[in-house]
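One-letter residues, chain by chain:
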Amino acid sequence: MKPPEIQRVIALGASNLTRGFASFLAVTTAAWGPELEVFAALGHGRSYGSGNRVLLRVLPGILQSGIWKALECQPARPARALVTDIGNDLLYGFSPQQTLDWVGEALRRLGAHTDDIVLTDLPMASIRSLTPLRYLIFRSILVPACRLSLEQVQARAETLSQALARLAQAEGLRFERPEADWFGPDPVHIRGARYPEAWRAFLSIDPGLRPAPLPYAERIRLALLPPESRRLCGLPQFHPQTGVTVCPGSRLWLY
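Just so it is clear, the model here is predicted, and its values are computed rather than measured.

Engineer: Run through the sheet that holds strand E1 (residues 8-12), naming residues and quoting values.
Structural biologist: In space, the 7 strands of this open sheet follow the order E7-E6-E5-E1-E2-E11-E10, with mixed pairing throughout. The two strands at the open ends of the sheet, each matched to only one other strand, are strand E7 (174-176) and strand E10 (244-246). With strand direction ignored, the average angle separating the axes of adjacent strands in the sheet is 25°. Pairing of E1 with strand E2 (residues 37-41) involves 5 bridges; the strand directions are parallel.

Here you go:
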């Protein structure tokens, strides 16, 4: 029997990957089989290179997470990697160049495990269309500490987007741009119903694939699974990742 095309998925991201993670698992396991290995570093507001706080929870930057050590300990598998949700660091005050450097380092580390890497752009159509009022509402709710003006954010996003495109071309990576109609009034979060379409497009999965949504109880369980390392209410927590079974037969490691 021919082995599956992809046996492992490595996913790095923030809010979109977190919000759409159940559909991400449904799509990828339907495409590549129920015994898929999934390694994910994600979380609302996740930074690629700096610790991040959302309400009472603090996560390390993706580069500081345990996913890299975990991957080094795993036997080689045919893998596809997704690097997405880039741009939070601009709102945290980091420069486009610093953000690019962090993403570049993540890509370099991924290159030790696969040459099949997808890099996604910022949602530039949404960012360009922001009005001052929409931006103020968005910033006040999601990043209240940010004091950058709309013009500053748009300029930095344009700079980073162009740099990511050049990086992808230089490294021979697939560079995927989000579709404008995936987004609604929220300029950075994909509409819930459009996540399966987004994952299929990003990961070059047959657009005709229509997997059934995961059962509600499984989606709740996924949302409650803890990552390897975090601080919650000021207390450090460590949860060793041994590959929890999700869906029928797939295994998941969270960082």
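Engineer: Would you mind going over the nonpolar core in detail, with residue names and values included?
Structural biologist: Membership of the largest hydrophobic core comes to 36 residues, with the highest contact counts inside it found for Leu12 and Val83. Of all the secondary-structure elements, those providing two or more residues to this core are E1, E2, helix H3 (67-72), strand E5 (79-83), helix H5 (96-110), strand E6 (117-120), helix H6 (124-128) and helix H8 (150-171). Every residue in contact with Leu12, bar those within four places of it in the chain, is listed here: Leu17, Ala41, Tyr48, Ile62, Ile67, Trp68, Leu82, Val83, Thr84, Ala106 and Leu110. Judged by nonpolar contacts, the second largest core, of 33 residues, contains Val118, Leu214, Leu225 and Val246.

Engineer: Describe in detail the pattern of salt bridges, supporting the description with residues and values.
Structural biologist: In this structure the tally under the stated criterion is 13 salt bridges. Arg109 is the salt-bridge partner of Glu105, the closest N and O atoms lying 2.9 Å from each other. Within this pair, Glu105 and its partner Arg109 are both found in helix H5, separated by 4 residues, close to a single helical turn. The class for Glu105 is partly exposed, based on a relative accessible area of 23%. With its nearest N and O atoms 3.5 Å apart, the salt bridge here joins Asp181 to Arg194. With Asp181 in the loop between E7 and helix H9 (195-202) and Arg194 in the loop between E7 and H9, this pair connects stretches of sequence that are 13 residues apart. Judged by its relative accessible area of 46%, Asp181 is partly exposed. Salt bridges linked by common partners bring Glu5, Arg80, Asp116, Arg174 and Glu176 together as one network.

Engineer: Help me get a handle on the environment of Leu214, residues and values and all.
Structural biologist: Within the fold, Leu214 resides in the loop between H9 and helix H10 (216-224). For Leu214 and Phe202, which are 12 residues apart along the polypeptide, the C-alpha to C-alpha distance reads 20 Å. Filtering out sequence-adjacent residues up to four positions away, Leu214 remains in contact with Ala22, Leu25, Ala26, Arg219, Leu222 and Cys247.

Engineer: Please give an account of the side chain of Glu228 that cites residues and values.
Structural biologist: Summarising the element assignment, Glu228 is placed in the loop between H10 and strand E8 (229-232). Those residues in contact with Glu228 that sit more than four places away from it in its chain are Gly66, Gln237, Phe238, His239, Gln241, Leu254 and Tyr255.

Engineer: Break down unusual backbone geometry for me, citing the residues and quoting the values.
Structural biologist: Notably, Leu55 is not glycine yet its phi reads approximately 55°, a positive angle. Along the chain, Leu55 falls in the loop between strand E3 (52-54) and strand E4 (57-59). By relative accessible area, which is 77% here, Leu55 ends up exposed.

Engineer: Explain the packing of aromatic side chains residue by residue, including any values.
Structural biologist: Aromatic ring pairs are reported here in terms of the distance separating the ring centres and the angle at which the planes meet. Summed over the entire model, instances satisfying the criterion amount to 7 aromatic pairs. Between the aromatic rings of Phe94 and Trp102, the centroid separation amounts to 4.8 Å while the plane-to-plane angle is 70°, which identifies the pairing as edge-to-face. Taking the relative accessible area as the measure of exposure, Phe94 reaches 27% and is therefore partly exposed. Take Trp102: its relative accessible area is 13%, and that puts it in the buried class. Taking 5.5 Å as the distance between ring centres and 75° as the angle between the ring planes, the aromatic pair formed by Trp182 and Phe202 counts as edge-to-face.

So, how was this worked out
- Residues numbered from 1 in each chain as written.
- Predicted model: local features only at pLDDT ≥ 70, side-chain atom pairs only at ≥ 80, totals over all residues.
- Heavy atoms only, no water.
- Pairing = 2+ DSSP bridges.
- Helix = DSSP H or I, 4+ residues; strand = E, 2+ residues; numbered from the N terminus.
- Axes fitted to C-alpha atoms, helices over the stretch in contact; angles between N-to-C directions.
- Core = buried A, V, L, I, M, F, W, Y, C linked by side-chain atoms within 4.5 Å.
- Buried < 20%, exposed > 50% of the residue type's maximum accessible area, 1.4 Å probe, protein only.
- Contact = heavy atoms within 4.5 Å.
- Salt bridge = Lys/Arg side-chain N within 4 Å of Asp/Glu carboxyl O.
- Phe/Tyr/Trp six-rings, centres within 6.5 Å; stacked < 30°, edge-to-face > 60°.

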